[in-house]
Amino acid sequence: MSKENILKVCDVTMQFGGVVAVNNLNMEINKGEIVGLIGPNGAGKTTAFNTITGVYAPTNGAIYLEGKVIAENHPSGKMKSAYKGQNMGKYHKAVLLTPDKITKLGIARTFQNIRLFKDLTVFENVLIAKHMNYRANPFSATFRLNHKEEKAMREESLRLLTLLDLEKNKDDIATSLPYGKQRHLEIARALATNPKLLLLDEPAAGMNPQESDELMEFIHRIRDDFHLTILVIEHHMQLVMGVCERIYVLDYGSLIAEGTPEEIQNNPKVIEAYLGVDE
Amino acid sequence: MSAKKKNICTIIALIALGVFLVIVEQTTTESSMMRSVLQLSAIYALAAVSMNLLNGFTGLFSLGHAGFMAIGAYVFAIITIPVSKKGNVYYLYGVNDILANVELQPVLALIIAGVVAAALAALIGAPVLRLKSDYFAIATLGFAEIVRIVVASSPLNTITNGSLGLKSIPGFGSFYFPFIVVVVCIAIIILLINSTYGRAFKAIREDEIAAEAMGINLASHKQMSFITSSFFAGISGALMAMYLGAITSTTFPITLTYNILLIVVIGGMGSVTGSIVAAFLVTFAKEWWLRFLDQEMIIGTFQVPFLRTGFRMVVFSIILMLVVLFWRKGLMGQKEFSWDGLVRTLKKIGGIFTGKNRKPSASEGGGASE
């Protein structure tokens, strides 16, 4: 493959007790792409997201960001006998980074059910995302020995808000915003961490058709403006087909198809998973 | 109101408070109620603000505050009791050789007291901070009780003087001393809260999962908040030791934690100014304004019923319940004091009296007079 891939998910299986939520998932995402991850309810999309971002440690398999391992695990302890997935014994190390470290390496995400810092202002929400790159120690931060850094942080946040048309709401409490704007703010906050890869978990959930059209444009715009790679989970087919260059389809935890929107739309397996099959 | 005007107002208010303290110092005697209650309130204010840093700003519901105050108080007492009085204090068990000739300056001792409390917090923080909400509260509560029992235990007799406690602890010297210490400490806490680390604490309070997804290391930030809070709790404990002059392990019971928690809740979880105001109101009400309820009162030939020793606490509790009923989030909620807010409140109160702009909303007045 000529294109440089940014995220590589290898044989990832996520098993909770006896339930295999994600089964042997393999994905490759190239730099600058917008990739969709779709599937019926309960297919394991969000679980896949959570394994990539470090919320869950995969039961088996490995995940690489720009060739660097961010998660690798193999069944151990009780899981050894309970494991129902494949590729057992292929992975030996246990590298398990916490979500904050993975964010630092360049993966940012939004949440299916918006998780803003509710009682804080829009500006503070974005400012907090800048905290992780902060160099000064608590002592010098308390006594304002680093006002330059603080100032730069505030300016960057303000610039980001201006770029995303949120500067008018900058002093509003996050939850007082209309729903669509809250979604935008969540994306703005994720962008404030300077990610290379942005994961959007159902960004159009609860939006009306007009709002989701705007969102489509918005996703294209931030990809170009911020030189991002985007992986998006979405139920809204019009949005997925309109925005994604490549699509992965999950069903019952397993990958059932992969391809361009046209290929996916005509794939019998996908149609079967979504609509069922005549008997 | 413009920013300049606000600043002038703030400066005038601070000067007024300073002048008030000077007047109190000049006009009252050494043992007056006014003096001692003011000092006690200031100490409670520091304890409450330091607890608020953890409970209100970081969202970690800790009940171990009395434990850290006890550590601060004991450390301070042990290193400041004058050498000449040590024989007298430790008359039963004798004094440990290492401590026999130790007598430090109060300011230095205050810092050491804080550092020891913080060090202990760092030690127990690593395991305890893994727990969430109720479990964390119970673990810290247990810690406070352990501290109290260990301090009074016999192996430490030559250091803590066992259950006899310590006395002859040097006092404040100057009337202003506790106020200066408290103002400096609270100023530092406010600066920390307004820094980027303070924002990270608030993010953890609002949503741990989102905070972690924003690259905030939960463990280290919780630890930082816990240690800072304990440091200032240690200092407030040391001030308490100075104020009382004598301490035993029963000076810092679990109920002390509840008293401070009460101040934090009444003032508003997540409001520094709320904690300060509540510390003064609660302490004054409890220690002074309601004292008359403890004495029998006879008007003419009629003896007012119920009034006897302890009745003050009944009334106090009822007042607290009413306050919590009408101000669900405490007096200040999560907001800080601002002049704009004061003007708004005054207008609202004025509106009630003049009958103007009275809205039929449930939050206003709560129908108390109907």
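Look up a bit, the structure's there.
Residues numbered from 1 in each chain as written. Chains lettered and ligands numbered in written order. Predicted model: local features only at pLDDT ≥ 70, side-chain atom pairs only at ≥ 80, totals over all residues. Heavy atoms only, no water.

**What to know about the overall build of chain A**
Part 1: What chain A contains, in helices and strands, is eleven helices and eleven strands.
Part 2: Taken over C-alpha atoms, the radius of gyration comes to 20 Å for chain A, in line with the 19 Å a tight globule of 279 residues would show.
Part 3: Taking the principal axes of its C-alpha atoms as reference, chain A extends roughly 65 × 45 × 40 Å.
Part 4: By residue count, 53% of the 279 residues in chain A fall in the buried class. (Helix = DSSP H or I, 4+ residues; strand = E, 2+ residues; numbered from the N terminus. Rg over C-alpha atoms; globule rule 2.2 N^0.38 Å. Buried < 20%, exposed > 50% of the residue type's maximum accessible area, 1.4 Å probe, protein only.)

**Concerning empty space enclosed by the protein**
Residues and elements named next belong to chain B.
Part 1: Scanning the model with the defined rule gives two cavities of 30 Å³ or more in all.
Part 2: Taken as a whole, the largest cavity encloses approximately 40 Å³ of empty space.
Part 3: Surrounding the largest cavity, Tyr44, Asn259, Ile263, Val282, Thr283, Lys286 and Glu287 form its lining.
Part 4: Taken together, the elements giving at least two residues each to the lining of the largest cavity come down to α12 (254-267) and α13 (272-289).
Part 5: Here the lining of the largest cavity takes four residues from α13, the largest share from any one element.
Part 6: Taken together, the residues of the lining of the largest cavity break down into three nonpolar, two polar and two charged. (1 Å grid on protein atoms, 1.4 Å probe; cavity = no way out; pocket = protein on both sides within 12 Å on 5 of 7 lines; lining within 4 Å. Points joined across faces, edges and corners; volume = space filled by probe spheres on them. Nonpolar A, V, L, I, M, F, W, Y, C, P; charged D, E, K, R; others polar.)

**Here we look at the packing of aromatic side chains**
Part 1: Using the criterion set out here, one finds 13 aromatic pairs over all chains in the structure.
Part 2: Between phenylalanine 284 of chain B and tryptophan 288 of chain B, the aromatic rings sit 5.8 Å apart at their centres with planes inclined by 35 degrees, giving tilted as the arrangement. With a gap of four residues between them, phenylalanine 284 of chain B and tryptophan 288 of chain B both fall in helix α13, about one helical turn apart.
Part 3: Over the face of the ring belonging to phenylalanine 111 of chain A we find arginine 115 of chain A, whose NZ or CZ atom lies 5.6 Å from the ring centre.
Part 4: Over the face of the ring belonging to phenylalanine 175 of chain B we find arginine 35 of chain B, whose NZ or CZ atom lies 5.0 Å from the ring centre. (Phe/Tyr/Trp six-rings, centres within 6.5 Å; stacked < 30°, edge-to-face > 60°. Lys NZ or Arg CZ within 6 Å of the ring centre and 35° of its normal.)

**Quick look at the layout of surface pockets**
Part 1: In this structure, the second largest pocket occupies an estimated 460 Å³ of space.
Part 2: Around the second largest pocket sit 19 residues that line it, and Lys132, Glu212, Leu218, Ala219 and Lys222 of chain B are the ones nearest its centre.
Part 3: At the level of secondary structure, the elements contributing two or more residues to the lining of the second largest pocket comprise α3 (99-105) of chain A together with α5 (106-128), α10 (208-213) and α11 (218-244) of chain B.
Part 4: Looking at the lining of the second largest pocket, the element that brings in the most residues is α11 of chain B, giving four residues.
Part 5: When its residues are assigned to classes, the lining of the second largest pocket shows seven nonpolar, five polar and seven charged.

**As for the pairing of strand β5 (residues 68-73) of chain A**
Residue and element names in this part refer to chain A.
Part 1: As defined by bridge partners, strand β4 (residues 60-65) adjoins β5 across five bridges and the pair is classed as antiparallel. Within β5, the residue paired with leucine 65 across the bridge is lysine 68.
Part 2: Counting the residues in the hairpin turn of β4 and β5 gives two residues, including glutamate 66, whose phi is positive at 50 degrees. (Pairing = 2+ DSSP bridges.)

**Quick notes on the interface of chain B and chain A**
Part 1: In this assembly, 26 residues from chain B lie in contact with 33 residues from chain A.
Part 2: Buried area between chain B and chain A, summed over both chains or domains, comes out near 2600 Å², and the portion from carbon and sulfur atoms is 63%.
Part 3: Counting the contacts that link chain B with chain A gives three salt bridges.
Part 4: Counting every contact that joins chain B to chain A gives ten residue pairs in polar contact (both at pLDDT 80 or more).
Part 5: At the level of secondary structure, the elements contributing two or more residues to the side of chain B that touches chain A comprise α8 (177-194), α9 (196-206), α10 and α11 of chain B.
Part 6: Sort the elements by how many residues they give to the side of chain B that touches chain A and α9 of chain B lands first, with eight residues.
Part 7: Of the residues belonging to the side of chain B that touches chain A, the class tally is 13 nonpolar, seven polar and six charged. (Contact = heavy atoms within 4.5 Å. Buried area = accessible area lost by both parts, 1.4 Å probe. Salt bridge = Lys/Arg side-chain N within 4 Å of Asp/Glu carboxyl O. Polar contact = N/O pair within 3.5 Å; in protein donor to acceptor, adjacent residues only side chain to side chain.)

**Considerations on the sheet that holds β4 of chain A**
Backbone hydrogen bonds hold the strands of a sheet together, and the pairing may be parallel or antiparallel.
Residue and element names in this part refer to chain A.
Part 1: Pairing is antiparallel across the open sheet formed by five strands, whose spatial order is β2-β1-β4-β5-β6. Each having just a single partner strand, β2 (19-30) and β6 (95-96) make up the two edges of the open sheet.
Part 2: Bridging between strand β1 (residues 5-16) and β4 involves five bridges; their strand directions are antiparallel. Within the sheet, the bridge partner assigned to valine 9 lies in β4 and is isoleucine 63.

**Let's talk about the sheet that holds strand β7 (residues 107-109) of chain A**
All names here are of chain A.
Part 1: In space, the six strands of this open sheet follow the order β7-β8-β9-β3-β10-β11, with mixed pairing throughout. The two strands at the open ends of the sheet, each matched to only one other strand, are β7 and β11 (254-259). Taking the axes of each pair of neighbouring strands and ignoring which way they run, one obtains an average angle of 20 degrees across the sheet.
Part 2: Taken together, the five bridges between strand β8 (residues 197-201) and strand β9 (residues 229-233) define a ladder with parallel strand orientation. Each residue of the ladder has a partner; that of leucine 200, found in β9, is valine 232.
Part 3: The sheet strands contacting helix α7 (residues 179-191) are β7 and β8, and the helix crosses β8 at an angle near 155 degrees.
Part 4: This element, helix α11 (residues 268-275), spans β3 (34-38), β10 (246-251) and β11 of the sheet and lies at about 130 degrees to β11. (Axes fitted to C-alpha atoms, helices over the stretch in contact; angles between N-to-C directions.)

**Describing helix α6 (residues 133-151) of chain B**
Residues and elements named next belong to chain B.
Part 1: Look at α6: 27 Å from first C-alpha to last across 19 residues, which is about the 27 Å you get at 1.5 Å a residue.
Part 2: Among the residues making up α6, those that are buried are Phe136, Ala137, Thr140, Phe143, Ala144, Val147 and Val151. Projected down its long axis, α6 shows its buried positions confined to an angular sector of 120 degrees, all on one face. Exposed residues on α6 whose side chains face more than 90 degrees from its buried face are Asp134, Tyr135, Ile138, Ile146 and Ile149.
Part 3: The inward-facing, buried residues of α6 contact α3 (65-80), α5, α7 (157-160), α11 and α12. (Expected span 1.5 Å × (residues − 1). Arc of directions from axis to C-beta.)

**Some thoughts on helix α6 (residues 147-163) of chain A**
Part 1: Counted at 1.5 Å a residue, the expected span for α6 of chain A with its 17 residues is 24 Å, and the 24 Å between its end C-alpha atoms agrees.
Part 2: For α6 of chain A, every residue scored as buried is listed here: Glu150, Met153, Ser157, Leu160 and Leu161 of chain A. Taken end-on, α6 of chain A shows its buried residues confined to a sector of 100 degrees, consistent with a single buried face. Opposite the packed face of α6 of chain A, turned more than 90 degrees from it, sit the exposed residues His147, Lys148, Lys151 and Arg159 of chain A.
Part 3: Residues of α6 of chain A that are buried in the fold lie against α4 (122-129), α7 and α8 (209-226) of chain A together with α9 of chain B.
Part 4: Residue aspartate 165 of chain A follows α6 of chain A closely and has a positive phi angle near 55 degrees.

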